[in-house]
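Examination of the molecular architecture
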Amino acid sequence: MEYKKICDVYHSLESTTKGLEKTEILAKFLREIHDEPELIYLLQGNVFADYDHRELGISHQLVIKTIGKAGGISDAEVVDEFKKLGDLGKVAEFVLGKKKQQMALFSSKLSIEKVMTNLRRLPSLEGKGTVEIKIGLIVELLHSATPKEAKYIIRTVLSDLKIGVGSGILRDAIVRYCFKPKDIEEKKVYSVAVQEAYDKSTDFAEILAKACNNELAKIKLKPGKPVKVMLFPKAKNIDDAFRIVGKPAAFEYKYDGFRVMINKEENGKIKIFTRRLEEVTKQFPDIVEYVKSNVKGKSFILDAEAVGFNAKTKKYTDFQAISQRIRRKYDIEGMRKRLPIELAVFDIIYFEGDNLIEMPFSKRRKLIKKIVREEVFKIVLAKQIITDDGGIVEKFYEDAISENQEGLMGKNLSAPYKPGARVGYAVKLKPEDKDFDLIITGAEWGTGKRAGWLTSFDVACKNNDEFLQVGKVSTGLKEKPEEGLSFSEMTEILKKLAVEESGRKVVVKPEIVVAVQYQNVQKSPTYSSGHALRFPRIVRLREDRGAGDIATLEEVSGEVGG
Ligand code: AMP
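Because the structure is a prediction, the values reported are computed rather than measured. (Residues numbered from 1 in each chain as written. Predicted model: local features only at pLDDT ≥ 70, side-chain atom pairs only at ≥ 80, totals over all residues. Heavy atoms only, no water.)

Let's talk about the overall build of the protein
Where we set the bar: To qualify as a helix, a DSSP run of H or I must reach at least 4 residues; to qualify as a strand, a run of E must reach at least 2; elements of each kind are numbered from the N terminus. Here the globule rule is a power law, 2.2 Å times the number of residues to the power 0.38, and the radius of gyration is based on C-alpha atoms. Only protein chains enter the accessibility calculation, which uses a 1.4 Å probe. A residue is then buried if its area is under 20% of the maximum for its type, exposed if over 50%, and partly exposed in between. What makes two residues a contact is simply this: any of their non-hydrogen atoms within 4.5 Å. Here Asp and Glu are counted as negative and Lys and Arg as positive; His is not counted, and neither are the chain ends. Note on charges: their place is set at NZ of Lys, CZ of Arg, CG of Asp or CD of Glu.
Counting its secondary structure elements, the protein contains 21 helices and 19 strands. Rg of the C-alpha trace for the protein: 25 Å, near the compact-globule value of 24 Å for 562 residues, within the 12% margin. Judged by the C-alpha coordinates and their principal axes, the protein covers about 80 × 60 × 50 Å. The buried share among the 562 residues of the protein stands at 53%. Considering only intrachain contacts with a sequence separation of at least 6, the fraction spanning at least 24 residues in the protein is 70%. Each charge class in the protein was averaged separately, 96 positive and 84 negative side chains, and the resulting centres sit 2 Å apart.

Looking at the site of the ligand
In plain terms, the rule: Consider each residue's heavy atoms; a residue with any of them within 4 Å of a molecule or strand counts as near. Polar contact is the term for a pair of N or O atoms within 3.5 Å; when the atoms are in protein, one must be able to donate a hydrogen and the other to accept it, and sequence-neighboring residues count only if both atoms are side-chain atoms. Every accessible area reported is derived by Shrake-Rupley at a probe size of 1.4 Å, with residue values counting cover from the shown protein chains alone.
Close contacts around the ligand come from 15 residues, with Glu 252, Arg 259, Glu 305, Lys 411 and Lys 428 the closest. Interatomic distance of 2.9 Å between a side-chain N/O atom of Glu 252 and a nitrogen atom of the ligand. In this structure, a nitrogen atom belonging to the ligand sits 3.0 Å away from a main-chain N or O atom of Tyr 253. Here the ligand loses 95% of its free accessible area of 490 Å² to cover by the protein chains. Elements supplying a minimum of two residues to the shell around the ligand: strand 1 (249–254) and strand 9 (407–411). Of the residues forming the shell around the ligand, the biggest block, three residues, is contributed by strand 1.

A closer look at the domain arrangement of the protein
The condition is simple: A domain assignment, automatic or from a database, supplies the domain bounds used here.
Each assigned domain of the protein is listed with its residue range as follows: domain 1 (3–157), domain 2 (238–429) and domain 3 (435–557). Computed over C-alpha atoms, the centres of domain 1 and domain 2 are 41 Å apart.

Digging into the packing of helix 8 (residues 130–143) against helix 9 (residues 147–157)
Using the following cut-off: To get an axis, fit a line to the C-alpha atoms, keeping to the stretch in contact for a helix; angles then go from 0 to 180 degrees between the N-to-C directions. Comment on the angle field: the value is read as roughly parallel under 35 degrees, roughly antiparallel over 145, roughly perpendicular from 65 to 115, and oblique elsewhere. Each crossing gets its hand from how the near helix is turned against the far one by less than a right angle, where anticlockwise is left-handed and clockwise is right-handed. Residue type decides the class: Asp, Glu, Lys and Arg count as charged, Ala, Val, Leu, Ile, Met, Phe, Trp, Tyr, Cys and Pro as nonpolar, and the leftover types, Gly among them, as polar.
Orientation of helix 8 relative to helix 9, taken along the N-to-C sense of each, is 155 degrees, at an axis distance of 9 Å. In terms of their interaxial angle, helix 8 and helix 9 are classed as roughly antiparallel. Judged by the sense of rotation from one axis to the other, the crossing of helix 8 with helix 9 is right-handed. Every residue of helix 9 that contacts helix 8 at Ile 138, Leu 141 and Leu 142 is listed here: Ala 150, Ile 153, Ile 154 and Val 157. Taken together, the residues of the contact of helix 8 with helix 9 break down into seven nonpolar, no polar and no charged.

Observations regarding the sheet that holds strand 10 (residues 426–429)
Stated formally: Strands are labelled as partners when DSSP assigns at least two bridges between them.
Strand order across the open sheet formed by four strands is 8-1-9-10, with antiparallel pairing between neighbours. The open sheet has two edge strands with one neighbour each: strand 8 (384–387) and strand 10. Direction aside, neighbouring strands of the sheet carry axes that sit 25 degrees apart on average. Pairing of strand 1 with strand 9, which is carried by five bridges, proceeds in the antiparallel orientation. Counted as the bridge partner of Phe 251 is Gly 410 from strand 9. Sitting on the sheet, helix 13 (residues 238–245) touches strand 1, strand 8, strand 9 and strand 10, and the angle it makes with strand 10 is about 170 degrees. Strand contacts of helix 19 (residues 390–402): strand 1, strand 8, strand 9 and strand 10, with the helix running at about 135 degrees to strand 9, the strand carrying the most contacts.

Here's the deal with the pattern of salt bridges
Test applied: By definition here, a salt bridge exists when the distance from a side-chain nitrogen of Lys or Arg to a carboxyl oxygen of Asp or Glu is within 4 Å.
Summed over the entire model, instances satisfying the criterion amount to 55 salt bridges. Between Glu 185 and Lys 188 there is a salt bridge, and its shortest N-O distance comes to 3.8 Å. Here Glu 185 and its partner Lys 188 are both found in helix 11 (residues 184–201), three residues apart, which amounts to about one turn of the helix. Here Glu 185 matches Lys 188 in class, with each residue exposed. For Asp 331, the salt bridge goes to Arg 338, with nearest N and O atoms at 3.1 Å. For Asp 331, a relative accessible area of 39% corresponds to the partly exposed category.

Things to note about the packing of helix 2 (residues 19–32) against helix 10 (residues 167–179)
Across the interface, helix 2 lies against helix 10 with an axial gap of 8 Å and an inter-helix angle of 55 degrees. Here helix 2 lies oblique to helix 10, going by the angle between them. Judged by the sense of rotation from one axis to the other, the crossing of helix 2 with helix 10 is right-handed. Of helix 10, the residues touching helix 2 (which contributes Gly 19, Lys 22, Thr 23, Glu 24, Leu 26, Ala 27, Leu 30 and Arg 31) are Ile 169, Leu 170, Asp 172, Ala 173, Ile 174, Arg 176 and Tyr 177. Residue composition of the contact of helix 2 with helix 10, grouped by class: eight nonpolar, two polar and five charged.

Topic: the nonpolar core
Rules: Throughout, nonpolar core names a set of buried Ala, Val, Leu, Ile, Met, Phe, Trp, Tyr and Cys residues whose side chains join them through atoms within 4.5 Å.
With 73 residues, the main nonpolar core has Tyr 3, Tyr 10, Ile 40, Leu 43 and Ile 174 as its most contacted residues. Counting residues per element, this core draws most heavily on helix 10, which supplies eight residues. If sequence neighbours within four positions are ignored, Tyr 3 has contacts with Tyr 10, Leu 110, Ser 111, Ile 112, Val 115, Glu 149, Tyr 152, Ile 153 and Thr 156. In terms of nonpolar packing, the next biggest core, distinct from the first, is built from 33 residues, Val 260, Ile 326, Leu 343 and Ile 371 among them.

Regarding the state of the cysteines
Stated precisely, the cut-off is as follows: The disulfide definition used here is simple: a pair of cysteine sulfur atoms within 2.5 Å.
For the structure shown, the criterion picks out one disulfide. What pairs with Cys 178 in a disulfide is Cys 212, and their sulfur atoms sit 2.2 Å apart. Across the S-S bond of Cys 178 and Cys 212 the torsion is about -65 degrees, and the bridge reads as left-handed. Placement of Cys 178 in helix 10 and of Cys 212 in helix 12 (residues 204–212) is noted, with a sequence separation of 34 residues between them. Using a relative accessible area of 23% as the deciding quantity, one classes Cys 212 as partly exposed.

If you want it as structure tokens, here you go:
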């Protein structure tokens, strides 16, 4: 298929902000790619499925070189245009437009398949001398592209298509194309079916193919391929927890670590994923070891919390203390010794070929008890009680807090597991619960003694596919790195994600999640969410979380006046 076809679709999508119109445009295009469902990734601005975290590894700097080479101009000239246009996609369009005017009768020969092939080669190229090959692969595409096509190639390379298509709209388009629902009720039913299937598969190509053949029910969990984790709403207090999860209920320690899904494949290989579906197996040889030696079974998927403890005092630490282990690529053994972790297993969704997500929680727990051989400071089961007595829960809650954990989880004993959903099958109970996980969408350069650092951060919650701002935060970060998360660290992280800059303001790709404490929430016309956090303060960087994990508008508005 011609690449031009999908570029026309991008253009139409970019020209409207209305969700319904976008859904319609996408649904039409899905017919065209029915036989090549993997092309759906290009609508997501990607060339791989969501569960596949291979990165193209192309920085802004490299794109500048690439455009310069393809357009026959210097890097400095490209940078000048970038300053004017603020978008490297537009820069490519402009530069190549000028060049191609000089080449009479230029017409595009570029196919979608060629774009896919060249871009898919990029992640495998690593090390010395590969930069030139990477540039060559993109320049080859630009040479056969029209200026408009060049714009979208560059935006895809930078994973920032700017067409306003998130997973919610794509899901609706699949519903529309494959099921043609007659009314709102039918649409709802199919949306739920498609969403559930997606949360298991995290691959829109598979969903598109299966939905159209009425085979969504055939989507299977497969160890080695990450699924979305189940999420938990907050309960206000113990009574509220019982109201949501029923009586009697299970209560477990809510450990203050980070979530890991541990997959053991049929071939014995163990893979560890975070809740963002990122594979972190290499970073955690300790987890691999504990699971190998202490968990029975040929294949399984366990849901667990990795909790840090102090190697000397054996006291549990908070998440922040071990967060660096998630991204660490070197000195893994040193890290393991300095920042040891214990694995607290709390669920299982697959065992020996069987999908267990429909099995009641109490049975799943029994199964973990059977297959996990507990060893303190290596692998344990989440501490649990089953009761209908609020007093007993209160006592258990105090124990959890005194052991440095965050609070409790209350769990419905007969509930299934719902990947990706924030249903009330389990709830969290935390004493100081006035914080939200929010995503950073922009920042501002500081002045005076804070010049050179980004010092104020725009934070947003989400509503379906949209990020809606709830405030600006400038407190919580430290000036001295030794005191904790610092302005300079945050500046380094966000600089790499900058997509636009004007004056002191920087727009960043929404990827960084922070926990923000606040005093209360007010209605406010100042921010796009219609709400503002009062006295917000960044308390943590959540390396383990992504856009899918942040607070929803509903949760934010539910706290108004609270
Ligand atoms: P929150 O991070 O506040 O949304 O709380 C939910 C998180 O608590 C989960 O994603 C897990 O990472 C973590 N957690 C800690 N202990 C448990 C437990 N016993 N059961 C379920 N989740 C737990």
